[in-house]
Amino acid sequence: MYALVDANNFYVSCERIFQPKLEGRPVIVLSNNDGCAIARSNEAKALGIPMGAPWFKLKSIAEKHGIVALSSNYALYGDMSNRVTSVLRLFSPRVEVYSIDESFLQLDGLIGLWPTYGDLGHAIRERVKMWTGIPVGVGIAPTKTLAKLANHLAKKRPEFHGVCDLNALTREERRSYYISLDVSDIWGVGRRTAEKLHRLGITNVDAFRLTSPKYLREQFGVVVERTACEVRGISCIELEEVAPAKQQIVSSRSFGYMVTSLHELVEAVSTYAGRAAEKLRKGGQVCTGVHVFVETNPFREQDAQYSNGMNVSLAESTDDSRRIVAAALYGLKRIYRDGYLYKKAGVMLLNLGSADVRQASLLFQHDDRSEKVMSVLDSINGKFGRNTMFLGSSGIEQSWAAVFEHKTPKYTSRWDELPVASA
DNA sequence: TCTGGGGTCCTAGGACCC
DNA sequence: TCTGGGGTCCTAGGACCC
């Protein structure tokens, strides 16, 4: 048995813990650059604010209804996420952290401690709320896909009070819920698959469940076949307690304004490549390739459009920021074209491998000081804060950096931004 | 004026091997 | 006049997830 524990409107809930006056009000959290709404409180959803709606289109209705818009505060959300996870680990030794706001728990063997799975679900919900302040929903079922579906019901149907154990329902109750759910509510059925299923006359979850997995495989491939088995109660997707090693690391960002000069792109790409290299070392990995890309703003149809990318191979596998930045800048200088308004750039690290089994190069003299220099860099930044020490090519003013106009404090992760309690 | 960021997996097609 | 069968590896693009 699996439980899927998913926070309600997670980013908004994090903000509300430190600004209780936002309870009951419509609140949205914006993406980087205050671009789009990426989290919405129930009140904001009720006002019809769609997921991903651009903020500039929402401003007027936001003013009219008193919607509070906040810039994203990932330092806060990451820290709150870790707190929620640590509470979940007290309930089950087998936890898969699936995303910043949801985790799967394997429940087998735990049920002796609680009268029913539902009671266990309610205990999880109450303790997470009490200890972290974050409201969560719990879905319980014999497969991960069904646990996701149960979680969906737990949140949407008030009769469940935030906890839905699919097995506790009668066959008829389950069937009537399945009929009420669209195929697109199934985990793994996205827009394209849902459209085609509808064309085939398979519109709700019950109809999907009754369709033969073999037929679905012919129509869609193995992924949808696997989903079909999961919906039938046959577990095909295992719990991943230990996150598998990354295959790719990306660091990219939209600019605060249109960038035209190579000089600014060099600063940005250098910053992103440095950030990607940090992630690489944190995961104990090395890479042998760097992809760099730039693009103009596709929404501005009146502007000349250009987007391009380039793969640069490294002479030997490395996690050294200096080499990775140099490779990224080498590529950037080849794809840069004068005269365009650039909106975004990014760096991907490719062909990742473990730093423990580094392949030496026949032709390249390895610099033995590299590991030491990088470990000094990381420990200084770890101790004194990110970007205390950085490569000069990243620039200092970084005028192109993204803009956050509605920023909230890093309440839980910086001494000088701690919330103050007053009498 | 203003539209996010970071991932995985699968498949088809091309290049290559014997 | 006529041109096989069985594979692997790589890449780009699409679909999905949060």
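For the structure, check the block above.
All of these numbers come straight from a predicted model, not from anything done at the bench.

**Notes on the protein's contact with DNA strand C**
Inspection of the region around DNA strand C gives 13 residues, with E102, K148, G188, R192 and T193 positioned closest. Here a phosphate oxygen of DNA strand C and a backbone polar atom of G188 are 2.9 Å apart. Mapped onto the surface near DNA strand C, the elements with two or more residues apiece are β5 (95-99) and α8 (191-199). Among the elements that line the surface near DNA strand C, the one with the most residues is α8, at 3 residues. Split by residue class, the surface near DNA strand C holds 4 nonpolar, 4 polar and 5 charged.

**Brief notes about the side chain of N381**
Its location among the elements puts N381 in helix α14 (residues 370-384). With a relative accessible area of 9%, N381 lands in the buried category. Here M389 takes part through its backbone nitrogen, which lies 2.8 Å from a polar atom of the side chain of N381.

**A short note on the protein's contact with DNA strand B**
Lining the immediate environment of DNA strand B, one finds 25 residues, of which Q247, V250, S254, R300 and K343 sit closest. Within 4 Å of the protein, atoms of DNA strand B come from sugar and phosphate in 72% of cases. Measuring from a phosphate oxygen of DNA strand B, one finds a backbone N or O atom of S254 at 2.5 Å. A distance of 3.2 Å separates a phosphate oxygen of DNA strand B from a polar side-chain atom of N297. Mapped onto the surface near DNA strand B, the elements with two or more residues apiece are α11 (222-231), β9 (249-259) and β12 (342-350). If one sorts the elements of the surface near DNA strand B by residue count, β9 sits on top with 7 residues.

**Structural notes on the packing of aromatic side chains**
Under the counting rule described, the total for this entry stands at 16 aromatic pairs. Aromatic pair Y11 and Y77: ring centres 4.2 Å apart, planes at 10 degrees, arrangement stacked. One end of the pair, Y11, is in helix α1 (residues 10-18); the other, Y77, is in helix α4 (residues 74-88), and 66 residues separate them in sequence. Here Y11 and Y77 have matching classes, each one buried. Aromatic pair Y306 and Y342: ring centres 6.3 Å apart, planes at 80 degrees, arrangement edge-to-face. Here Y306 is found in the loop between β10 (285-296) and β11 (307-318), whereas its partner Y342 is found in strand β12, with 36 residues between them in sequence.

**Quick look at the packing of helix α12 (residues 262-282) against helix α13 (residues 321-335)**
One way to put it is that α12 packs onto α13 with a least axis distance of 8 Å and a crossing angle of 145 degrees. The two elements α12 and α13 cross, and the hand of that crossing is right-handed. Residues L262, L265, V266, V269, S270, A273, G274, A277, L280 and R281 of α12 pack against S321, I324, V325, A328, L329, L332 and K333 of α13.

About the criteria used
Residues numbered from 1 in each chain as written. Chains lettered and ligands numbered in written order. Predicted model: local features only at pLDDT ≥ 70, side-chain atom pairs only at ≥ 80, totals over all residues. Heavy atoms only, no water. Near = heavy atom within 4 Å. Polar contact = N/O pair within 3.5 Å; in protein donor to acceptor, adjacent residues only side chain to side chain. Helix = DSSP H or I, 4+ residues; strand = E, 2+ residues; numbered from the N terminus. Nonpolar A, V, L, I, M, F, W, Y, C, P; charged D, E, K, R; others polar. Buried < 20%, exposed > 50% of the residue type's maximum accessible area, 1.4 Å probe, protein only. Phe/Tyr/Trp six-rings, centres within 6.5 Å; stacked < 30°, edge-to-face > 60°. Axes fitted to C-alpha atoms, helices over the stretch in contact; angles between N-to-C directions. Left-handed = near helix turned anticlockwise from the far one by under 90°. Contact = heavy atoms within 4.5 Å.

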